[in-house]
Amino acid sequence: MRNSENGQNGSRSVQFADGIPASDRQWEAIVACDAAFNDRFFYAVKTTRIFCRPSCKSKEPRRDHVLVFGKVGDAIGAGFRACKRCKPTGERLPDQEWVHQITAYIDSHLQDDLSLESLSQISHGSVFHMHRTFKRLQGVTPIAYIQNRRIAEAGRLLACSGLGITEVAAKVGLPNVPYFTTLFKRVTGRTPAEYRTANLNSEPRERKDEHESSECSAGPVDAGRY
Ligand SMILES: [Zn+2]
């Protein structure tokens, strides 16, 4: 009785199941993002623990970090996660989860230059599809969401930190102070200075604090329906 590598009774090629280094031909396909090789193999990157289709446009890995697998299941079995960009498992990320990833990104990058283009790049979707899906699930456009979050965070900083208005404006990605002031007033009905006076936390130790205090709960801005 032979115990062949292909396994007549379900056993797999152990070596291949654990991944093998890319052959020259496979490596060329990876570098060229050659879709003709899709479904012929998958490649995993040891450093990121993510695996991709040959056509994936993600950053070219170092060849010695690459392991090649014949089947999705083997790559998963070896502890790799499917790339969200090329989706080697063939499953689309559920829209809700996708939008959640985008809002989480916005929430943690308010200071950055956020645009539809940058979000579309980060979320690996077209601007049109991203905009439409976001609006459908979130109820507001991505740009309105960004603005809401910026104003809400500005309100929190004005009430809870000792930062000056210029610093607050910069911290929420609206470094043009006149524009920030106008927008803030349009949303909240108060200028940043008026808002601060009305909501300043009365705890003296927090007023002295130059940095934001996580204990402060004063003055959330209701910008949700803006
Ligand atoms: Zn990929």
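Keep in mind that this is a model prediction, so the values were computed, not measured.

**Regarding the pairing of strand β1 (residues 42-45)**
Point 1. Side chains Phe42 and Ala44 project from β1 onto one buried face, and the interleaved Tyr43 and Val45 project onto a second face that is buried too.
Point 2. Where β1 lies against strand β3 (residues 66-69), four bridges are found, and the strand directions are antiparallel. Bridge pairing in β3 places Val45 opposite Val66.
Point 3. Taken together, the three bridges between β1 and strand β2 (residues 50-52) define a ladder with antiparallel strand orientation. In the strand pairing of β2, Val45 is matched with Ile50.

**A few points about the sheet that holds β2**
Point 1. Taken in spatial order, the four strands of this open sheet run β3-β1-β2-β4, and their pairing is mixed. Edge strands, defined here as strands with exactly one partner in the open sheet, are β3 and β4 (81-82).
Point 2. Bridge count for β2 against β4 is two bridges, and the pairing is parallel. Bridged to Ile50 within β4 is Arg81.

**A short note on the nonpolar core**
Point 1. Within the largest apolar cluster, 20 residues are counted, with the highest numbers of intra-cluster contacts made by Phe42, Tyr43, Ala44, Phe51 and Cys52.
Point 2. Contributions of two or more residues to this core are made by α2 (24-32), β1, β2 and β3.
Point 3. In terms of residue count, β1 provides more of this core than any other element does, four residues in total.
Point 4. Not counting residues within four places of it along the chain, the set of residues in contact with Tyr43 comprises Ala22, Ile30, Phe51, Cys52, Pro54, Val66, Leu67 and Val68.
Point 5. Counting residues in each nonpolar core, the second largest holds 14 residues, with Ala152, Ala154, Ala159 and Val172 among its members.

**Details of unusual backbone geometry**
Excluding glycine, a negative phi dihedral is what most residues carry, and trans is how most peptide bonds are arranged.
Point 1. One non-glycine residue with positive phi stands out, namely Cys33, at about 50 degrees.
Point 2. Tracing the backbone shows Cys33 in the loop between α2 and β1.
Point 3. Since 17 C-beta atoms lie within 10 Å of it, Cys33 is described here as partly exposed.
Point 4. Within the chain, Arg49 stands out as a residue other than glycine whose phi angle is a positive 65 degrees.
Point 5. Assignment of secondary structure puts Arg49 in the loop between β1 and β2.

How each quantity is defined
Residues numbered from 1 in each chain as written. Predicted model: local features only at pLDDT ≥ 70, side-chain atom pairs only at ≥ 80, totals over all residues. Buried ≥ 20, exposed ≤ 12 C-beta atoms within 10 Å, placed from the backbone. Helix = DSSP H or I, 4+ residues; strand = E, 2+ residues; numbered from the N terminus. Pairing = 2+ DSSP bridges. Core = buried A, V, L, I, M, F, W, Y, C linked by C-beta atoms within 7 Å. Contact = placed C-beta atoms within 7 Å.

Structural measurements only, silent on function.
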